[in-house]
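Coordinate inspection notes
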Amino acid sequence: MITSRDVARLAGVSQPTVSRALRGDQRVSEATRERVQRAADALNYVPSETGRSLSTRMTKRIGVVVTDLTNPFYPHLIGPLHDELEQHGYRMMLFTERSETAVASQRLLDHSIDGVVLATATVGSRLPDDLQRRELPFVFLNREAGGQPADAAVVDNELGGRLVARELARLGHRNIAHIGGPADTTTGRDREMGFRLGLSEAGIGLPEDAVRRGPFDFDTGYRALAEVLDGPQPPSAVFCGNDVIAIGAFNAAKARGVRIPEDLTLVGFDDIPMAAWEAFDLTTVHYDLAELAQEAARLVVQRIESRDAEPRRTLFTPELVLRGTHAAR
């Protein structure tokens, strides 16, 4: 069997240098790294992950917990997250249970991973407490769970909600509805809070019967729009908690013969690529999805390598993207 010592002899370096070069250690020069890689290729040598884990006490694997891969939002985070972790020498392991409670702590705490990215945390979730108690590094991506301070890469959701409210008020809308996400998510809660505050600043109320909440999915938007349109005061504008909800509402409006934006203004949140499709041309709240995911990857790697550092929370500033689903009242 070919070993790292054989590669070292062929490359003319020490065995520890081979190990460092093949795991991308920045202390190894580019020239040495290339020489070691050529030697490894010539000998068909592939490093043993098991041996590497035993010697370093690290698996170089990061777990990513996502509870809803059917949502078009999350695949746009997974790709950049994977690529950034790979740049730092880590592999990504995806945990895709239907709920966080289904993610058995034992699966994350069995020493098979070095850290965790929590992408679909809910308010009050016990999982972050379990991870912190067992000293497994983790970072929040997109959502937070509340409670203790922790590393996070998140959007200023309250500001995003305010931006939408200000634009709708500027356009002259007064009868407005909101189709939001789950109340037990910081994204759903904070976007609604910012929207309410922004409307209040403009002297506009948001009665509870003009609000619907549900999962961040197509069905929520489709069903909820029908309900608010059938109410005693159909709205002239609807702010949706994310783009997927907005696309569901868009389809419901089309099915009922409601013209967008002539009869109804519709605004989403997240600016997923689908939002810019010509079929939707959705006015929405934008932030850099790829950079958000990349920052989460950097944060979890930094936490693994410097566990005593203070928690870092990177807050991304959103902006309103005006496309084709809004109009003056």
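Look up: the structure comes first, before these words.
Residues numbered from 1 in each chain as written. Predicted model: local features only at pLDDT ≥ 70, side-chain atom pairs only at ≥ 80, totals over all residues. Heavy atoms only, no water.

Here we take up the overall build of the protein chain. Helix and strand counts for the protein chain stand at 12 helices and 12 strands. Dimensions of the protein chain, computed from the C-alpha atoms along their principal axes, are close to 80 × 40 × 30 Å. The buried share of the protein chain, taken over its 329 residues, is 52%. The long-range share in the protein chain, meaning contacts at least 24 apart out of those at least 6 apart in sequence, stands at 69%. Roughly 15400 Å² of accessible area belongs to the protein chain as shown, and the carbon and sulfur atoms make up 49% of that amount. On the protein chain, the mean spot of the 39 positive side-chain charges and the mean spot of the 46 negative ones are 4 Å from each other. (Helix = DSSP H or I, 4+ residues; strand = E, 2+ residues; numbered from the N terminus. Buried < 20%, exposed > 50% of the residue type's maximum accessible area, 1.4 Å probe, protein only. Contact = heavy atoms within 4.5 Å. Areas by Shrake-Rupley, 256 points an atom, 1.4 Å probe, with all protein chains shown as cover. Lys, Arg positive; Asp, Glu negative; His and termini not counted. Charge placed at Lys NZ, Arg CZ, Asp CG, Glu CD.)

Before going further, it helps to spend a moment on the nonpolar core. One recurring pattern in soluble globular proteins is that nonpolar side chains are buried together. L81, F195 and L225 are the most contacted members of the largest nonpolar core, which totals 68 residues. For this core, the element with the most residues is helix α12 (residues 289-305), which contributes nine residues. Those residues within four positions of L81 in sequence are excluded, and the remaining contacts are V64, M92, V117, L141, A293, A296 and A297. A121, L127, L136 and A145 belong to the second largest nonpolar core, which has 16 residues in total. (Core = buried A, V, L, I, M, F, W, Y, C linked by side-chain atoms within 4.5 Å.)

Turning next to the layout of surface pockets. Of the voids in this model, the largest pocket is the one considered here, and its volume is about 590 Å³. Surrounding the largest pocket, 21 residues form its lining, R23, E86, H88, G89 and Y90 being those nearest its centre. For the lining of the largest pocket, the elements supplying multiple residues, two or more each, are α4 (49-56), α5 (75-87), β2 (91-95) and α12. In terms of residues, the lining of the largest pocket owes the most to one element, α5, which gives three residues. For the lining of the largest pocket, a count of residues per class yields six nonpolar, seven polar and eight charged. (1 Å grid on protein atoms, 1.4 Å probe; cavity = no way out; pocket = protein on both sides within 12 Å on 5 of 7 lines; lining within 4 Å. Points joined across faces, edges and corners; volume = space filled by probe spheres on them. Nonpolar A, V, L, I, M, F, W, Y, C, P; charged D, E, K, R; others polar.)

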